[in-house]
Amino acid sequence: MRPVPGDRPKGRAQVAGYRIRNRLYKAAMSGASFTALIAASLFGAAPPVDPGTPPAGPGAAIASPGTAPAAPSTPPAATDDSSAVMSVSPKDCIARALEENLELQVDRIAPQLERADWMAARGRFEPSLGMSAEWEDATSPIFPADRIPGGRRSDENEYTRYEGSLGGLLPTGLSYDIASAANNHEGVAANFQSRWSSDLGITLTQPLLRDAGPGVQMAEIRIARKGAEAADAQLQYQVSRTVADVLNAYVELIFRRDNQTARQEALDLATQLLKDNETRVNIGVMSPLDVSQARTEVATQTQNVIEADRALREAQNDLKRLMFRDVGPYLQTRMVPTELPPVPSFADPVLNVVHALEYRTDLVDKRLRLEQAGIHLRKAKNALLPYLNAFGGYRLLGLQDSIDESYETTVDAYDRDWSVGVEVTIPLGMSKERGEKKRALLEQEKAVLAVKQMEQNIIVEVDNAAQAVLANEKKVDAAREARQYAYESLMAEQEKLNAGASTTFVVAQLQRDLAFARSNELRAYADWQKSVVELAHQEGTLLMRLDIAFKAP
């Protein structure tokens, strides 16, 4: 029975009964506040005006996937002035976590390592430039039989050599070397005159079997690129996991805050019952045993408040750990949530599974690893072929008294040297190559099974997550009804107590039942919201639904 503010009860017992009914009604309405906030945020439902009239539950309507819920009313300000207060929204928590979360910062290193490997692999096709200069002064003995009587006993020669080259490798496997050299000789053989010889040429070598073609030559680059893409996909999954953890911690903080309020109001009811019973004992309409029973209930509810305070502190620390790089400076800061997470309900097991197989980035990671294994296998098979290389070279030659004149005759292309050929190398045994091929086959088989296993796990995980959302929606409705029935039972028993037809023990028990039902209702709503967040993560659409753009490091 709902008390009417306009009623004017008369008599000490009626006044006490009116006070208790009024407090019970306020407590029940406070228990419904969390219900009203969630319903208003997710479905646009109006707050209930009477505990006997259940508000629209989560099963009444399902918001469209792209709909962002409205922000609920701001929670009451904290009363403890001994610590700082930080009002946070889900958006604030997510932004801070994406910037400072230590686990996520560690995960960001993996894509950078893969990109470093990719950069190193691309270096195999970068050309190299070489230059050298050499000077030599040599004195060598002349054979005695060749000496001229009274002549020189040794030859004296000076050599100067300059070389430059540009070489590299093309994706087809063709290696090239463009080289130029200038040589100077002064000595006895040249009548102590300067003689410059020069050459300019190119040498080409093209594999025809082993190591031939872009498929083999670019294998390491493709493997490294797939590794970088896979690392990006895995990081995106970890970002989604972190965002889901932040939202779940945020929802848990809301629950712990409201549950602490509910426990405190239950303590207030027990305290009021104790005061009313003491008044009844003083006027001689109740025995001291009822006072003792009321005091027992006050002690029990006090324990519940202490436990709720501890759980609220733990929930704040869990959120801080996810948000901050250094938790220490924020240990005494009270986190005050300002709104509910903007994730609407979208449970549809079949559609959720289809989306997950398309969007889950950890599955993308496994598929990219499978492609890597295929590239490794093709490279290992090529390594079993013999070497068959075609090569050719062409050189222009020059010889004059000066280096300039020598290069001029080189450009005239009067003297030249060219060659072509084929070389074959057949490795004997090839145990190493056969072992690498066998390993590549096993790695590919392992990657295929990993993809299949991941798909099976995703199907089960997403279906379980969707079923959890649907079940939690029903639990919310059941918990709301249980709280309303507990309220009605307490009100009826309170009327009987006022009439002398009940006992303090029964009323205290029903007060505990109401407090338990209110906590269950708050827990049911929190579990429902957390299951919706988890479904979005398992489906692989959480970041899209929250409009969070993923950027690879």
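Residues numbered from 1 in each chain as written. Predicted model: local features only at pLDDT ≥ 70, side-chain atom pairs only at ≥ 80, totals over all residues. Heavy atoms only, no water.

Caption draft 1: Spatial organisation of the side chain of S531. If you trace the backbone, S531 turns up in helix α12 (residues 504–539). The exposure class assigned to S531 is buried, which follows from its relative accessible area of 9%. Of the polar contacts made by the side chain of S531, one reaches the backbone oxygen of W528; its length is 2.6 Å. Leaving out residues up to four positions away in the same chain, S531 has contacts with A468, V469 and N472. (Helix = DSSP H or I, 4+ residues; strand = E, 2+ residues; numbered from the N terminus. Buried < 20%, exposed > 50% of the residue type's maximum accessible area, 1.4 Å probe, protein only. Polar contact = N/O pair within 3.5 Å; in protein donor to acceptor, adjacent residues only side chain to side chain. Contact = heavy atoms within 4.5 Å.)

Caption draft 2: Just the nonpolar core, in detail. V243 and L319 are the most contacted members of the largest nonpolar core, which totals 47 residues. Every element with two or more residues in this core is listed here: α2 (90–100), α6 (219–282), α7 (288–323), α8 (349–359), α11 (431–498), α12 and α13 (542–545). Looking at this core, the element that brings in the most residues is α6, giving ten residues. Residues in contact with L319, not counting those within four places in the same chain, are C93, V246, A249, Y250, L253 and M335. With eleven residues, the next largest nonpolar core counts L273, A486, M491 and V507 among its residues. (Core = buried A, V, L, I, M, F, W, Y, C linked by side-chain atoms within 4.5 Å.)

Caption draft 3: Expanded view of the layout of surface pockets. Here the second largest pocket is characterised by a volume of approximately 440 Å³. Lining the second largest pocket we find 23 residues, and of these A373, H376, E436, A440 and E443 sit closest to its centre. At the level of secondary structure, the elements contributing two or more residues to the lining of the second largest pocket comprise α9 (361–382) and α11. With nine residues, α11 is the single largest residue contributor to the lining of the second largest pocket. The residue inventory of the lining of the second largest pocket, partitioned by class, reads nine nonpolar, three polar and eleven charged. (1 Å grid on protein atoms, 1.4 Å probe; cavity = no way out; pocket = protein on both sides within 12 Å on 5 of 7 lines; lining within 4 Å. Points joined across faces, edges and corners; volume = space filled by probe spheres on them. Nonpolar A, V, L, I, M, F, W, Y, C, P; charged D, E, K, R; others polar.)

Caption draft 4: Main features of the packing of α8 against α11. Closest axis-to-axis distance for the α8/α11 pair is 9 Å, and the angle between their directions is 140°. Of the possible angle classes, the one that applies to α8 and α11 is oblique. The way α8 lies across α11 gives a crossing that is right-handed. Contacts from P349, N352, V353, A356 and L357 in α8 reach E455, I458, I459, V462, D463, A466, Q467 and L470 in α11. Per-class residue counts for the contact of α8 with α11 are nine nonpolar, two polar and two charged. (Axes fitted to C-alpha atoms, helices over the stretch in contact; angles between N-to-C directions. Parallel < 35°, antiparallel > 145°, perpendicular 65-115°, else oblique. Left-handed = near helix turned anticlockwise from the far one by under 90°.)

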